[in-house]
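# Tertiary structure, described
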Amino acid sequence: MEFVELIQTPKLDGVFLHDHTNATIEGRLCITGHHLLLSSARQENSQELWLMHKNIDYIEKKPYMVQNTVVGGLITLKCKDLRIISLRIKYAKEYLNIVSSLEALSSLNNAELEYPFFYRPMYTILEDGYTIFRPELEFSKLISSSSCNNGVSSINNSNATLSPLSTLHSPSSNDHDSNVGSTGVGCEWRITNVNKDFKICPTYGSVLIVPKQITDEQIIQSAAFRDGGRFPVLSYRHENGAALLRSAQPLSIQGIKRCRSDEAILNVVLGRSKKGFIVDTWGKGKSNTETDQHYSQWKKVNRSIGNISSPAAILDSFSKLIEACNDINCSPDKWLSRLENSNWLSLVLGSLNASCVVAQCLDQEGSPVLVHGAKGLDSTLIVTSLVQIILNPDCRTVRGIQALIEREWIQAGHPFASRHRYSCYTPTQNRHKSNGATFTLFLDCIHQLYKQFPCSFEFSTQLLILLFEHSYFSQYGTFLCDSEKERQELRVHSRTTSLWSYLNRPEVLKNFLNPMYDPNPRVIWPSVAPISLELWSELYLRWIVDQKNCEWTATQIQELITNEKELRAKAMKLRKQATEMANEVMSMLNSGR
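Because the structure is predicted, anything quoted here is derived from the model rather than measured.

### Side note on the overall build of the protein
Check the secondary structure of the protein and you find 19 helices and 17 strands. A total of 593 residues make up the protein; the buried ones form 53% of that total. Accessible surface, the protein as shown: approximately 27,800 Å² in total, 51% of it carbon and sulfur.

This is how it looks when you write it as structure tokens:
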């Protein structure tokens, strides 16, 4: 299919644009295969509108009628970045053509027609973002080959970088996979390629880390016991040796009530610990859990992130939140009531609360934890990710948050394409049950942690907003598709550019750094009291409330910190000169004696 077939009116003059500033701009509208552009030659210093079609969430049409005849109309574009833009078209034919073109171009159902496959960067790529967070490299950082604890190996210093060759062996014909930390004594983890063809679990990656004592045959049996084949895999190793695992819930199959191989995996992970914890994040009665009889040393804990029954329920809550934020004529009391009724901040609170419980089990109890919830694709990933941000200072750095998103979201099979096909503006009846806002909820939780510990994060909240936008629409291929299996089939890594390749360029990265950052090696325990939560106004209100004051404040903070650093440097230089002069005086006095 050629894009030209869908573009019925590629250019049109005399189009009026109305945006969030209530300004009206007249200009030329151009429609390309991936973008809508509007520019005005008549107005000085006017900015161009450059809107990616995939950013359009919903199109509202309001034709102008004269004697039952269309004579033009208003097209309102509700975007996934939360903007609302209106285009006023004067003539009927052009109005209908543009509506038809935008509806077709914004709802393409072929990943290979998306912009990342056509985009070519105009800058030199310094490093390939697709290779810097390879599973083998990330797993080598999780496991230390130098020491073992509780029968299993402990993690490296969070800032250490290991060569994969020092911790991984190449598999031989007599070995299923690679041993992790094989130079140590009694280390209990290995890399497995049992899912290299994605036949065991289509949503997992091809490289996974499992207990060394567990065979690939046992993994296959455990996968058959779990929803979607998502058997327990290692997510994180705390510094005390406690392991965090994630999986899907057990399947509810008549006549099958246990899986000895699945039990063996958890018993091996238990090691010398007297107990472990299985945390269900999907809600009591909404997911299956392991029986006490067959997992006797594992305590079941229910920590639902909210009263939700599907990913679509999270999106419903997000939609109500944005609807309330966009109602600028709402009274304060009614607005607060609508905010509460959206249930969004309750989901944020539930996510933080569940994460703190898991973090406490790992850090204070020293016990292993298995986290699951339904299919293990949504609430599970929120919790396992937030736990690592709370416990591991490396995850609060720019590289660390990138690696975390790669491990726990992209490589772990979060279906970004399905979840983000439609967003908060699309009416409920037009959405699919697979649509959701799980990743947005996760980013909001990081925002809450940032607000409580503003000096402990190397990156600013602007990076979170960037991630929010690119997860929905992007010229980069990082968030494309639903799984590694689909990305391999489309050869995403060789045909597109990684977001990390762009972001990690020094001239780009400096715009997303936190000027107040002071590395904090300790665990950060957030307050989970409702009063501690804040509405993420930088994101949810950025097109409604003028953000200039916030931007000015951020600039002032940056200038103050820059001045402080300069003054510190001058003080050190003067102190050094004073010391040298004092030494000279002492030398002269001594020589005159």
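Next comes the rest of the description.
### Re helix H6 (residues 311-326)
For H6, built from 16 residues, the straight-helix expectation of 22 Å at 1.5 Å per residue is met to within 8% by its first-to-last C-alpha distance of 23 Å. For H6, a buried count of twelve out of 16 residues is recorded, marking the element as mostly surrounded by other parts of the structure. Taken residue by residue, H6 has Pro311, Ala312, Ala313, Ile314, Leu315, Ser317, Phe318, Ser319, Leu321, Ile322, Ala324 and Cys325 as its buried positions. Taken together, the buried residues of H6 touch helix H7 (332-342), helix H8 (344-363), helix H11 (416-419), helix H12 (438-452), helix H13 (461-472) and helix H18 (537-540).

### Examining the sheet that holds strand S16 (residues 298-302)
Reading across the sheet, the five strands line up as S13-S14-S17-S15-S16 and stay open at both edges, with mixed pairing between neighbours. Whereas interior strands pair on both sides, the edge strands pair on one side only; in this sheet they are strand S13 (233-237) and S16. Adjacent strand axes in the sheet meet at a mean angle of 25° when their direction is disregarded. Of the strands in this sheet, strand S14 (243-246), strand S15 (276-280), S16 and strand S17 (369-372) touch helix H5 (residues 260-270), which is tilted by about 100° from S16.

### Comments concerning the packing of H8 against helix H9 (residues 379-391)
Two numbers describe how H8 lies on H9: the axes approach to 8 Å, and their chain directions differ by 60°. Between H8 and H9, the interaxial angle falls into the category oblique. H9 is crossed by H8, and the crossing has right-handed handedness. Only Ile382, Val383, Leu386, Val387, Ile390 and Leu391 of H9 make contact with H8, whose side of the interface consists of Ser351, Leu352, Ala354, Ser355, Cys356, Val358, Ala359, Leu362 and Asp363.

### Considering the sheet that holds strand S1 (residues 11-18)
Within a sheet, each strand pairs with its neighbour through backbone hydrogen bonds, oriented either parallel or antiparallel. Taken together, the seven strands give an open sheet; going across it, the order is S4-S3-S2-S1-S7-S6-S5, and neighbouring strands pair in antiparallel fashion. Each edge of the open sheet is held by one strand with a lone partner, namely strand S4 (49-52) and strand S5 (56-66). Across the sheet, the mean angle from the axis of one strand to that of its neighbour is 30°, orientation sign disregarded. Strand direction decides the pairing type here: S1 and strand S2 (residues 24-31), joined by six bridges, are antiparallel. Residue pairing across strands places Val15 opposite Gly27, the latter belonging to S2. Relative to strand S6 (residues 69-79), helix H1 (residues 92-105) is tilted by about 30°, and along the sheet it contacts S1, S2, strand S3 (35-39), S5, S6 and strand S7 (84-89).

### A look at the pairing of S13
The element S13 is extensively covered by neighbouring structure, given that five of its five residues are classed as buried. Where S13 folds back onto S14 in an antiparallel hairpin, the turn is made up of five residues, including Gly241, whose phi is positive at roughly 95°.

### A look at the nonpolar core
Counting 114 residues, the largest nonpolar core has Phe318, Trp344, Ile389, Ile405, Phe442, Ile446 and Tyr540 as the members making the most contacts within it. Ranked by the residues each element gives to this core, the list is headed by H8, at 13 residues. If we ignore the near neighbours within four places in the chain, the residues touching Phe442 are Ile382, Ser385, Leu386, Ile389, Leu404, Ile405 and Trp409.

### Considering the side chain of His294
The residue His294 is located in the loop between S15 and S16 in this model. Here the side chain of His294 touches Thr291 through a polar contact of 3.1 Å, side chain to side chain. Once residues within four sequence positions are removed from consideration, His294 is found in contact with Lys257, Arg258 and Glu263.

### Details of the packing of aromatic side chains
By the definition in use, this model includes 19 aromatic pairs. Ring centres 5.7 Å apart and planes at 65° place the aromatic pair Phe3 and Phe118 in the edge-to-face group. A residue pair is termed long-range when its members are at least 10 positions apart, and Phe3 in the segment before S1 and Phe118 in the loop between H1 and helix H2 (135-142) qualify at 115 residues. A relative accessible area of 14% places Phe3 in the buried class.

### Let's talk about the side chain of Glu469
Summarising the element assignment, Glu469 is placed in helix H13. Judged by its relative accessible area of 19%, Glu469 falls in the buried class. Apart from residues no more than four positions distant in its own chain, Glu469 is found in contact with Asp81 and Arg542.

### Re the pattern of salt bridges
Per the counting criterion, the structure on display carries 23 salt bridges. With a shortest N-O distance of 2.8 Å, Glu112 and Arg495 are connected by a salt bridge. Taken together, the residues span a long stretch of sequence, with Glu112 in the loop between H1 and H2 and Arg495 in helix H15 (residues 492-495) at a distance of 383 residues. With its nearest N and O atoms 2.8 Å apart, the salt bridge here joins Asp378 to Arg419. Of this pair, Asp378 sits in the loop between S17 and H9 while Arg419 sits in helix H11, and the two are 41 residues apart along the sequence. For the residue pair Asp378 and Arg419, the accessibility class agrees, reading buried in each case. Through salt bridges with shared partners, one network takes in Arg226, Asp262 and Glu290.

### Overview of unusual backbone geometry
Positive phi values are uncommon outside glycine, yet Asn68 reaches one of about 65°. Mapped onto the secondary structure, Asn68 falls in the loop between S5 and S6. Residue classification places Asn68 among the exposed positions, given a relative accessible area of 73%. Unusually for a residue other than glycine, Cys481 sits at a positive phi of about 70°. The class for Cys481 is buried, based on a relative accessible area of 5%.

### Here's the deal with the environment of Cys187
Mapped onto the elements, Cys187 comes out in the loop between strand S10 (177-180) and strand S11 (189-192). In the structure, Cys187 is positioned 24 residues away from Pro211 in sequence and 9.3 Å away in space, judged by C-alpha atoms.

### Digging into the confidence of the model for the protein
One rule of thumb: low pLDDT means the predicted coordinates there are not for detailed reading. Chain-level pLDDT for the protein is 87 on average; 90% of the residues reach the 70-or-more range. Under a pLDDT of 50 for its full length, residues 145-177 has, in the predicted model, 80 contacts with residues more than four places off or in other chains. Across residues 180-186, where pLDDT falls below 50, the model places 19 contacts with residues more than four positions away in sequence or in other chains.

The rules we used
Residues numbered from 1 in each chain as written. Predicted model: local features only at pLDDT ≥ 70, side-chain atom pairs only at ≥ 80, totals over all residues. Heavy atoms only, no water. Helix = DSSP H or I, 4+ residues; strand = E, 2+ residues; numbered from the N terminus. Buried < 20%, exposed > 50% of the residue type's maximum accessible area, 1.4 Å probe, protein only. Areas by Shrake-Rupley, 256 points an atom, 1.4 Å probe, with all protein chains shown as cover. Expected span 1.5 Å × (residues − 1). Contact = heavy atoms within 4.5 Å. Pairing = 2+ DSSP bridges. Axes fitted to C-alpha atoms, helices over the stretch in contact; angles between N-to-C directions. Parallel < 35°, antiparallel > 145°, perpendicular 65-115°, else oblique. Left-handed = near helix turned anticlockwise from the far one by under 90°. Core = buried A, V, L, I, M, F, W, Y, C linked by side-chain atoms within 4.5 Å. Polar contact = N/O pair within 3.5 Å; in protein donor to acceptor, adjacent residues only side chain to side chain. Phe/Tyr/Trp six-rings, centres within 6.5 Å; stacked < 30°, edge-to-face > 60°. Salt bridge = Lys/Arg side-chain N within 4 Å of Asp/Glu carboxyl O. pLDDT = per-residue confidence, 0-100.

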